[in-house]
Amino acid sequence: MPVPHPTQPQLRRTLLRDNAFHLLRDAIVTGTLAPGERLRDTELEHWLGVSRTPIREALARLEQAGLVHTVPGRSTVVAPLNPRQVHDAQLVVSAMHELAVREATPHLGPTHHNAMRTANHQLAAALEAGDPDAAIAADDAFHSVAVSAAANHAITAVLDQFTPLLRRVERLRFSALTGRDSVAQHDHILNLCTQGDAENAARATRTNWNTLRPLLDLPTTPAPHQHTDDEGHRVTHPTT
């Protein structure tokens, strides 16, 4: 029997779920939804204009990415910034971008190089204007050239899962003077790509992503649903 074609309601549900995910993710990354803030279904339905089902699906994806924390049947809150989780995500993301550049460099042409150059100019302009959100978008655009050219779906899937967790830390980098180092590092990566030096371009890419490491040494914030009782035992309860 032939596989049936997707129906319009199924397509609409997918679009609603993805849209809810992206809006919630961006609100968490930018700090619009602060760590520890409780996410109530009714409020999210009103804000996003969608039903509870795509919202719950989006929240499940966000929890998998480490951006929200859920106590089943009780509450869902924006997760605090967990240095250990961010450190682990940074190792994975930097390795994926290194692999993407190594795989993509032999296939990059003038159009790709121009796209990377344009993105880096936009990054420099965003940093000069003190706009961390525009800087993140430009940084994304620069690195996405190699990721797209590598055409490795496994790399894309891993980056989709773990990159959002790093965005919260990247805002700190692009809000500080240290973010300006990325422009020079991107120029170096681009020069190596134009020379077809895949190995050194990949290494330079890893170095670029490793500049996040100094920002990972942040104090660990306890999850908002936990406290310690008088005898030193950890107790879990819903956030109010």
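## A word on the confidence of the model for the protein chain
In step 1: In the predicted model, the protein chain carries a mean pLDDT of 83, and 80% of its residues have values of at least 70.
In step 2: Low confidence marks residues 1–11, where pLDDT is under 50. Its contacts with residues over four positions away, or in another chain, come to zero contacts.

## Overview of the side chain of Arg-168
In step 1: Tracing the backbone through its elements, the reader meets Arg-168 in helix α7 (residues 153–174).
In step 2: For the buried Arg-168, no salt bridge exists, and the shortest N-O distance to an oppositely charged side chain is 9.5 Å, to Glu-37.
In step 3: There is a polar contact of 2.8 Å between the side chain of Arg-168 and the backbone oxygen of Ala-79.

## Considering the pairing of strand β1 (residues 68–71)
It is a general feature of regular strands that their side chains alternate between the two faces of the sheet.
In step 1: Sheet topology note: the β1/strand β2 (residues 75–78) ladder contains four bridges and is antiparallel. Its bridge partner lying in β2, Thr-70 is registered against Thr-76.
In step 2: Turn length for the β1-β2 hairpin, with the two strands adjacent in sequence and antiparallel, is three residues, and the turn residue Gly-73 shows positive phi of about 80 degrees.

## What about the packing of helix α8 (residues 181–194) against helix α9 (residues 198–209)?
In step 1: The interhelical angle for the contact between α8 and α9, taken along N-to-C directions, is 165 degrees, at an axis separation of 8 Å. Put simply, α8 runs roughly antiparallel to α9. For the pair α8 and α9, the crossing hand works out as left-handed. On the side of α8, the interface is formed by Ser-182, Gln-185, His-186, His-188, Ile-189, Leu-192 and Cys-193, while α9 contributes Asn-200, Ala-201, Ala-204, Thr-205 and Asn-208.
In step 2: Of the residues that constitute the contact of α8 with α9, the class distribution is five nonpolar, seven polar and no charged.

## Looking at the packing of aromatic side chains
In step 1: Enumeration over the complete set of coordinates arrives at zero aromatic pairs.
In step 2: Over the ring of Phe-21 we find Arg-61, and its NZ or CZ is 3.8 Å from the ring centre.

## Observations concerning the packing of helix α4 (residues 83–104) against α9
In step 1: Where α4 contacts α9, the axes come no closer than 8 Å and their chain directions differ by 155 degrees. Regarding the angle of α4 to α9, the classification is roughly antiparallel. Here α4 and α9 pass one another in a crossing that is right-handed. Residues Gln-90, Val-93, Ser-94, Ala-95, His-97, Glu-98, Val-101 and Arg-102 of α4 lie in contact with α9, whose contacting residues are Ala-198, Glu-199, Ala-201, Ala-202, Arg-203, Thr-205, Arg-206 and Trp-209.

## Some remarks on helix α6 (residues 132–150)
In step 1: When the terminal C-alpha atoms of α6 are compared, their 27 Å separation across 19 residues agrees well with the 27 Å that a helix rising 1.5 Å per residue should span.
In step 2: At Ser-144, α6 shows its strongest bend, of approximately 35 degrees.
In step 3: Burial in α6 covers these residues: Pro-132, Ala-135, Ile-136, Ala-138, Asp-139, Phe-142, His-143, Val-145, Ala-146, Val-147 and Ala-150.
In step 4: For α6, the capping residue at the N-terminal end is Asp-131, with a side-chain oxygen 3.3 Å from the backbone nitrogen of Asp-133.

## What about helix α5 (residues 110–129)?
In step 1: Taking 1.5 Å per residue as the helical rise, α5 with its 20 residues ought to reach 28 Å, and the 28 Å between its terminal C-alpha atoms agrees with that figure.
In step 2: Turning to α5, its buried residues are His-113, Met-116, Ala-119, Asn-120, Leu-123, Ala-126 and Leu-127. Viewed along the axis of α5, the buried residues span an arc of 145 degrees, placing them on a single side of the element. Exposed and oriented more than 90 degrees from the buried face of α5 are Pro-110, Thr-111, His-121, Glu-128 and Ala-129.

Rules used in this analysis
- Residues numbered from 1 in each chain as written.
- Predicted model: local features only at pLDDT ≥ 70, side-chain atom pairs only at ≥ 80, totals over all residues.
- Heavy atoms only, no water.
- pLDDT = per-residue confidence, 0-100.
- Contact = heavy atoms within 4.5 Å.
- Helix = DSSP H or I, 4+ residues; strand = E, 2+ residues; numbered from the N terminus.
- Buried < 20%, exposed > 50% of the residue type's maximum accessible area, 1.4 Å probe, protein only.
- Lys, Arg positive; Asp, Glu negative; His and termini not counted.
- Salt bridge = Lys/Arg side-chain N within 4 Å of Asp/Glu carboxyl O.
- Polar contact = N/O pair within 3.5 Å; in protein donor to acceptor, adjacent residues only side chain to side chain.
- Pairing = 2+ DSSP bridges.
- Axes fitted to C-alpha atoms, helices over the stretch in contact; angles between N-to-C directions.
- Parallel < 35°, antiparallel > 145°, perpendicular 65-115°, else oblique.
- Left-handed = near helix turned anticlockwise from the far one by under 90°.
- Nonpolar A, V, L, I, M, F, W, Y, C, P; charged D, E, K, R; others polar.
- Phe/Tyr/Trp six-rings, centres within 6.5 Å; stacked < 30°, edge-to-face > 60°.
- Lys NZ or Arg CZ within 6 Å of the ring centre and 35° of its normal.
- Expected span 1.5 Å × (residues − 1).
- Bend = angle between axes of the 7 residues up to and from the residue.
- Arc of directions from axis to C-beta.

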